[in-house]
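Reading the structure
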Amino acid sequence: VKRTVTVVNPTVATTGSDFDRKGIANQPYLVAVNRAMCTITVYGKDADGNYNVPIKAMVCSVGRSGHQTPTGRYNTTNRYDWRLMVDGSYGRYAIRINGSIMFHSVCYYTKSESNLEYEEYNKLGSPASLGCIRLCLKDIKWLYDNCPKGFPTVIYDDTSTPGPLGKPSSIKIDVNDVEKRGYDPTDWSPNSPWNK
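The numbering scheme is per chain: residues are counted from 1 as the chain's sequence reads. This being a predicted model, a pLDDT of at least 70 is required before a residue's local features are given, and a value of 80 or more before pairs of side-chain atoms are given or counted; all residues contribute to the totals for chains, interfaces and linings. With hydrogens and water excluded, all non-hydrogen atoms of the structure serve as input to the side-chain values.

1. Description of the pattern of salt bridges
Note on definitions: salt bridges are taken to be side-chain nitrogens of Lys or Arg within 4 Å of carboxyl oxygens of Asp or Glu. What the rule picks out here adds up to 6 salt bridges. A salt bridge links Arg35 to Asp157, with the shortest nitrogen-to-oxygen separation between them at 2.6 Å. With Arg35 in the loop between β1 (30–34) and β2 (39–45) and Asp157 in the segment after β9 (152–156), this residue pair connects regions lying 122 residues apart in the sequence. Here Asp157 falls in the partly exposed class, since its relative accessible area comes to 22%. Three or more residues joined by partner-sharing salt bridges are found here, namely Glu120, Lys123 and Arg134. Comment: elements are numbered from the N terminus, with helices defined as DSSP H or I runs of at least four residues and strands as E runs of at least two. For the exposure calls, accessible area comes from a 1.4 Å probe over protein chains only, and a residue counts as buried if that area is under 20% of its type's maximum, exposed if over 50%, partly exposed in between.

Rendered as structure tokens:
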């Protein structure tokens with residue numbers, strides 16, 4: 001018996017780092033999230049217009065057990081300066097990846113730059129969210145400012161390496177420091193005690 005199989009929409013490889021790197025017009029960067037290592041690598045284009053030039057690495061938190069961030073390839077959509085999250089907290093500079101899954105800052109208890117969930121901030125670099133991808137304020141603002149709406153995102157698993165630029169370390173907040181703990185340490189606000 002002969003059978004002909006036609007693949008209409010081939011899926012993107014989501015294990016290892018051998019994902020599709022084809023360039024997209026008007027999109028300077030591809031954002032690759034290594035879910036297994038809680039690391040993001042931003043790739044720029046090479047001379048052929050494909051995403052093969054690693055330019056920036058970021059540490060992140062992905063979905064914890066029971067709330068895993070889905071793997072695959074996506075193009076981002078909506079953006080929000082502040083976004084109410086499903087648990088009643090607020091994320092800054094939220095970028096929708098797919099459905100309820102977004103890039104955003106570590107959450108705040110209220111819509112205030114001085115009310116950071118500091119214990120959650122200290123979990124950057126490990127699975128901690130309800131499925132979204134959390135970053136420090138400096139890194140999410142970089143994505144928000146430099147990656148246009150619709151930028152390609154690949155979420156994959158690679159337990160052998162975080163990415164070509166490694167895994168950055170994150171600042172830890174002293175939870176007993178009442179003056180500083182409510183602010184993201186990377187917040188550029190003149191109100192932040194981290195900047196005084």
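2. Some details on the nonpolar core
Definition of nonpolar core: a set of buried residues of the types Ala, Val, Leu, Ile, Met, Phe, Trp, Tyr and Cys, connected through side-chain atoms within 4.5 Å. Of all hydrophobic cores here, the largest spans 31 residues; its most connected members are Ile40, Phe103, Ile133, Leu135 and Leu143. Mapped onto this core, the elements with two or more residues apiece are β1, β2, β6 (90–98), β7 (101–105), α1 (118–121), β8 (133–135) and α2 (137–146). In terms of residues, this core owes the most to one element, α2, which gives 4 residues. Should any heavy atoms of two residues lie within 4.5 Å, those residues are counted as being in contact. If near-sequence neighbours (up to four positions away) are discounted, Leu143 is found in contact with Val31, Val42, Met58, Arg79, Ile95, Phe103 and Leu135. Membership of the second largest hydrophobic core comes to 7 residues, among which are Phe19, Ala32, Tyr43 and Val154.

3. Some points on the packing of aromatic side chains
Two aromatic rings from Phe, Tyr or Trp, using only the six-membered ring of Trp, form a pair when their centres are within 6.5 Å; if the ring planes differ by under 30 degrees the pair is stacked, by over 60 it is edge-to-face, and anything between is tilted. As enumerated under the stated definition, the model contains 7 aromatic pairs in all. Centroid distance Phe19 to Tyr43: 6.0 Å. Interplanar angle 75 degrees. Geometry classified as edge-to-face. Of the two residues, Phe19 sits in the segment before β1 while Tyr43 sits in strand β2, which places them 24 residues apart along the sequence. Both residues of the pair, Phe19 and Tyr43, belong to the buried class. Between Phe19 and Tyr156 the ring centres are 5.2 Å apart and the planes differ by 50 degrees, which places this aromatic pair in the tilted class. Within this pair, whereas Phe19 is found in the segment before β1, its partner Tyr156 is found in strand β9, the two being separated by 137 residues in sequence. Classification of Phe19 as buried rests on a relative accessible area of 4%. Three or more aromatic residues joined by ring pairs form one cluster here, namely Phe19, Tyr43 and Tyr156. Note on criteria: charge over ring means Lys NZ or Arg CZ within 6 Å of the ring centre, with the direction from the centre no more than 35 degrees off the ring normal. Lying across the ring of Tyr43, Arg21 places its NZ or CZ 4.6 Å from the centre. Taking the ring centre of Tyr144 as reference, the NZ or CZ of Arg79 above it sits at 5.4 Å.

By themselves, these observations are geometric and do not establish any function.
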